[in-house]
Amino acid sequence: MSKRTDSLFVQSLAKGLRLLECFADRPSPMSLNDLAEACEVDRSTVQRMTHTLVAMGYLERGANGRGYVLGKKSLDRAFDYLRGVPLLERATPIMVELQRESAERVELSLFDGLTIIFALRRQTKRQAYTMTLIGRRLPTIYTAGGRAVLSHLPADQVDQILADTTTKPFTPKTITDHDLIRAEIDTARRKGYALSSEESALGEVNLACAILDHQQLPIAAVHISASLSDWTRDEFETRFSPLVVNAAKELSGKVGLS
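Keep in mind it's a predicted model, so treat the numbers as computed, not measured.

(A) Structural context of the packing of aromatic side chains. Counted under the stated rule, the structure contains 2 aromatic pairs. Consider the rings of Trp231 and Phe240, whose centres lie 5.0 Å apart with planes at 70°: the pair is edge-to-face. For the ring pair Phe236 and Phe240, a centre distance of 5.1 Å and an interplane angle of 55° mean the geometry is tilted. Of this pair, Phe236 and Phe240 both sit in helix α9 (residues 233-251), 4 residues apart, which is roughly one turn of that helix. Judged by relative accessible area, Phe240 falls into the buried class, the value being 0%. A network of ring pairs unites the aromatic residues Trp231, Phe236 and Phe240 as a single cluster. A cation over a ring is seen here: Arg61 above Tyr68, with NZ or CZ 4.4 Å from the ring centre. A cation sits over an aromatic face here: Arg121 above Phe118, 4.3 Å from the ring centre.

Put into structure tokens, the structure is as follows:
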């Protein structure tokens, strides 16, 4: 059923949430005209929505009162979500130990269809700021974690995710050919983990293993990432694949996302 014919779908609420989502592409302050153009809504409607969202704390005025930025109250909802996911609570000490053993960046991502979203991240001192933040999304098909998850799904579901993904690759070395991606997924299925090199970030190698729920369905993935200036691809795989597999196994089948 489309949103236009869904009698329970609240268009005004959707418009307000879309306004907040506009900041995904523009983290800097946005004017009313910027927001109206990005949301494809008339300026007077945007003015009323921004006034309401400022009053509720979800938007704030930018520096010197210029434009609008996301409000600090937005962080409350992220806290509420993270606090309410049993898997993340159980995974936290395991990820701490995994980083202690590996001395590299370790992460846990949640599977969300066409994308994975990072919910736990423990970075090394060399990482860029955005690589340390929770909430970052990456296309499932272009990541080691996503391919590890896809290796536990039926072929028709994998094909649908491949067909529906329109996000551009992140680097010149990102594998985009669907047959080659399927081959990577098959390799992950055979090995029990996925490996990618310079597909999400140049100079970086990634290992990931899927976390399964009590029905053996993939819901998340454990990642380890390192610099190719420190490791060759083969050395990295040999050293860290047992660690990432053991961490994912320890979390699989124990608790879910709700």
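(B) Structural view of the nonpolar core. Leu108, Ile211 and Val222 are the most contacted members of the largest nonpolar core, which has 30 residues in total. Listing elements by their share of this core, those giving two or more residues are α5 (86-102), β3 (105-112), β4 (115-122), β7 (204-212), β8 (218-227) and α9. Take this core: its biggest share by element is 7 residues, from α9. Aside from chain neighbours lying at most four places away, what touches Leu108 is Leu88, Ala91, Met95, Ile117, Phe118, Ala119, Leu120, Ile211, Ala220, Ala221 and Leu251.

(C) Structural context of the sheet that holds β7. Spatial ordering of the open sheet is given by β5-β4-β3-β8-β7-β6, a layout of 6 strands whose pairing is antiparallel. Because the sheet does not close on itself, it has two edges, and the strands there are β5 (137-139) and β6 (194-197). Strand-to-strand twist in this sheet, taken as the mean axis angle between neighbours without regard to direction, amounts to 30°. Relative to β4, β3 is paired through 7 bridges, and the arrangement is antiparallel. By the bridge assignment for β4, Phe111 is matched with Ile116.

(D) Structural context of empty space enclosed by the protein. Summed over the entire model, instances satisfying the criterion amount to 1 cavity of 30 Å³ or more. Of the pockets and cavities examined, the largest cavity occupies roughly 100 Å³. For the largest cavity, the lining is made up of 15 residues, of which Arg105, Phe118, Leu138, Ser200 and Asn206 are closest to its centre. Elements with a contribution of two residues or more to the lining of the largest cavity: β3, β4, α6 (144-150), β7 and β8.

(E) Local environment of the packing of helix α1 (residues 11-21) against helix α3 (residues 43-56). Viewed as axis vectors pointing N to C, α1 and α3 meet at an angle of 80°, and their least axial separation amounts to 10 Å. What the angle tells us is that α1 and α3 run roughly perpendicular. Taken together, the residues of α3 that come into contact with α1 (itself represented by Lys15, Gly16, Leu19 and Leu20) are Val46, Met49, Thr50 and Leu53. The residue makeup of the contact of α1 with α3, split by class, is 5 nonpolar, 2 polar and 1 charged.

(F) Structural view of a nonpolar patch on the surface. A contiguous nonpolar patch, built from Val10, Leu13 and Leu17 and spanning about 270 Å² of accessible area, is present on the exposed surface. Relative to the helices and strands, Val10 resides in the segment before α1. Judged by its relative accessible area of 45%, Val10 is partly exposed.

(G) A look at the packing of α5 against α9. α9 packs onto α5 with a crossing angle of 160° between their chain directions and a minimal axis gap of 10 Å. Overall, the two elements α5 and α9 adopt an arrangement that is roughly antiparallel. Helix-helix and strand crossings are classified by hand; for α5 and α9 the assignment is right-handed. Contacts between α5 and α9 pair Leu87, Arg90, Ala91, Ile94, Leu98, Glu101 and Ser102 from the former with Arg239, Phe240, Leu243, Ala247, Glu250 and Leu251 from the latter. The residue makeup of the contact of α5 with α9, split by class, is 8 nonpolar, 1 polar and 4 charged.

(H) A look at helix α7 (residues 155-164). Residues of α7 that are buried include every one of Val158, Ile161 and Leu162, and no others. Within α7, the buried residues cover an arc of 100° as seen down the axis, which keeps them to one side. Exposed positions of α7 whose direction lies more than 90 degrees from the buried face are Asp156 and Ala163. Close packing links the buried residues of α7 with β3, α6 and α8 (178-191).

Rules used throughout
Residues numbered from 1 in each chain as written. Predicted model: local features only at pLDDT ≥ 70, side-chain atom pairs only at ≥ 80, totals over all residues. Heavy atoms only, no water. Phe/Tyr/Trp six-rings, centres within 6.5 Å; stacked < 30°, edge-to-face > 60°. Helix = DSSP H or I, 4+ residues; strand = E, 2+ residues; numbered from the N terminus. Buried < 20%, exposed > 50% of the residue type's maximum accessible area, 1.4 Å probe, protein only. Lys NZ or Arg CZ within 6 Å of the ring centre and 35° of its normal. Core = buried A, V, L, I, M, F, W, Y, C linked by side-chain atoms within 4.5 Å. Contact = heavy atoms within 4.5 Å. Pairing = 2+ DSSP bridges. Axes fitted to C-alpha atoms, helices over the stretch in contact; angles between N-to-C directions. 1 Å grid on protein atoms, 1.4 Å probe; cavity = no way out; pocket = protein on both sides within 12 Å on 5 of 7 lines; lining within 4 Å. Points joined across faces, edges and corners; volume = space filled by probe spheres on them. Parallel < 35°, antiparallel > 145°, perpendicular 65-115°, else oblique. Nonpolar A, V, L, I, M, F, W, Y, C, P; charged D, E, K, R; others polar. Patch = residues over 30% accessible without salt bridge, like charges linked within 9 Å, V, L, I, M, F, W, Y side chains within 5 Å. Areas by Shrake-Rupley, 256 points an atom, 1.4 Å probe, with all protein chains shown as cover. Salt bridge = Lys/Arg side-chain N within 4 Å of Asp/Glu carboxyl O. Left-handed = near helix turned anticlockwise from the far one by under 90°. Arc of directions from axis to C-beta.

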